[in-house]
Amino acid sequence: MKLQRKKSQWRPGLVLCWVLLWISQQPDSLCRVSAVNLRRFIGCAVREFTFLAKKPGCGGLHITTDACWGRCETWEKPVLDPPFIESYQRVCTYNETRLLSVKLPNCLPNVDPTYTYPVALRCDCDVCLTSTTECITSV
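Thresholds, definitions, all that
Residues numbered from 1 in each chain as written. Predicted model: local features only at pLDDT ≥ 70, side-chain atom pairs only at ≥ 80, totals over all residues. Heavy atoms only, no water. Pairing = 2+ DSSP bridges. Helix = DSSP H or I, 4+ residues; strand = E, 2+ residues; numbered from the N terminus. Contact = heavy atoms within 4.5 Å. Polar contact = N/O pair within 3.5 Å; in protein donor to acceptor, adjacent residues only side chain to side chain. Disulfide = S-S within 2.5 Å. Buried < 20%, exposed > 50% of the residue type's maximum accessible area, 1.4 Å probe, protein only. Core = buried A, V, L, I, M, F, W, Y, C linked by side-chain atoms within 4.5 Å. Phe/Tyr/Trp six-rings, centres within 6.5 Å; stacked < 30°, edge-to-face > 60°. Lys NZ or Arg CZ within 6 Å of the ring centre and 35° of its normal.

(A) Examining the pairing of strand β3 (residues 74-78) more closely. Here β3 runs beside strand β4 (residues 85-89); their pairing, made up of five bridges, is antiparallel. Its bridge partner lying in β4, threonine 74 is registered against glutamine 89. Between the antiparallel neighbours β3 and β4 lie six residues, among them phenylalanine 84 with a positive phi of about 70 degrees.

Written as structure tokens, this is what we have:
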């Protein structure tokens, strides 16, 4: 009598079930989702942002990218010498970016359809630079 060895079969479904079971048995720290209260958040972070890209002679295109978002520490105090105020003003601004380009739809024949926009890689609270950020200087 000759015994035959049965070939083992790879069962990805069984492996997936085992992994899910293992994860579900781990402490809460592995499965917990952190929620940030955006109304109380102080700092600067990269956040997904959608906008309508358009230019004259082309149709618009909704683009989702990463942008800088947040609130930074700012203060002012009166002083006796001109300009009679000392201020510390920082804004949430781009620290590192890369540029991406897309082609806008329905452009007129003499219009370049290329639209270039920045993608935030890193953001920081810093002095407002008009070269990268729209700075409000007066109200």
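(B) Local environment of the environment of threonine 64. Among the secondary structure elements, threonine 64 is positioned in strand β2 (residues 61-71). Each C-alpha atom, one on threonine 64 and one on threonine 50, is 4.2 Å from the other, the two residues being 14 residues apart in sequence. Excluding anything up to four places from it in sequence, threonine 64 contacts Glu48, Phe49 and Thr50. A polar side-chain atom of threonine 64 sits 2.8 Å from a polar atom in the side chain of threonine 50.

(C) Expanded view of the state of the cysteines. This model, assessed by the stated rule, comprises four disulfides. With a sulfur-sulfur separation of 2.0 Å, cysteine 44 is cross-linked through a disulfide to cysteine 92. Here the S-S torsion is close to 75 degrees, and the disulfide linking cysteine 44 with cysteine 92 is therefore right-handed. Of this pair, cysteine 44 sits in strand β1 (residues 43-53) while cysteine 92 sits in strand β5 (residues 91-103); the two residues are 48 residues apart in sequence, bridging distant segments of the chain. Residue classification places cysteine 44 among the buried positions, given a relative accessible area of 18%. For cysteine 92, a relative accessible area of 16% puts it in the buried group. In this model, cysteine 72 is linked to cysteine 125 through a disulfide, with the two sulfur atoms separated by 2.1 Å. Between cysteine 72 and cysteine 125 the sulfur-sulfur dihedral comes to about -80 degrees; the bridge is accordingly left-handed. Residue cysteine 72 is located in the loop between β2 and β3, and its partner cysteine 125 is located in strand β6 (residues 114-126); the two are separated by 53 residues in the primary sequence.

(D) Structural view of the nonpolar core. Core analysis: the biggest nonpolar cluster contains eight residues, these being Phe51, Ala53, Cys58, Ile63, Leu104, Val111, Tyr117 and Val119. Among residues more than four places away in sequence, those in contact with valine 111 are Lys55, Pro56, Gly57 and Cys58. Counting residues in each nonpolar core, the second largest holds six residues, with Cys44, Cys72, Ala120 and Cys123 among its members.

(E) Region of interest: the packing of aromatic side chains. Applying the stated criterion across every chain yields a total of five aromatic pairs. When the ring of phenylalanine 49 is compared with that of phenylalanine 51, the centres are 6.1 Å apart and the planes differ by 20 degrees; the resulting orientation is stacked. Judged by its relative accessible area of 44%, phenylalanine 49 falls in the partly exposed class. Between tryptophan 75 and tyrosine 88, the aromatic rings sit 5.8 Å apart at their centres with planes inclined by 10 degrees, giving stacked as the arrangement. Linking tryptophan 75 in strand β3 with tyrosine 88 in strand β4, this pair joins segments that are 13 residues apart in sequence. Owing to a relative accessible area of 30%, tyrosine 88 belongs among the partly exposed residues under this scheme. One aromatic cluster in this structure is built from Phe49, Phe51, Tyr115 and Tyr117. Stacked on the ring of tryptophan 69, the Lys or Arg arginine 47 has its end atom at 4.7 Å from the ring centre. Directly above the ring of tyrosine 88 sits arginine 90, whose terminal nitrogen or CZ lies 4.4 Å from the centroid.

These figures come from the coordinates and say nothing about function on their own.
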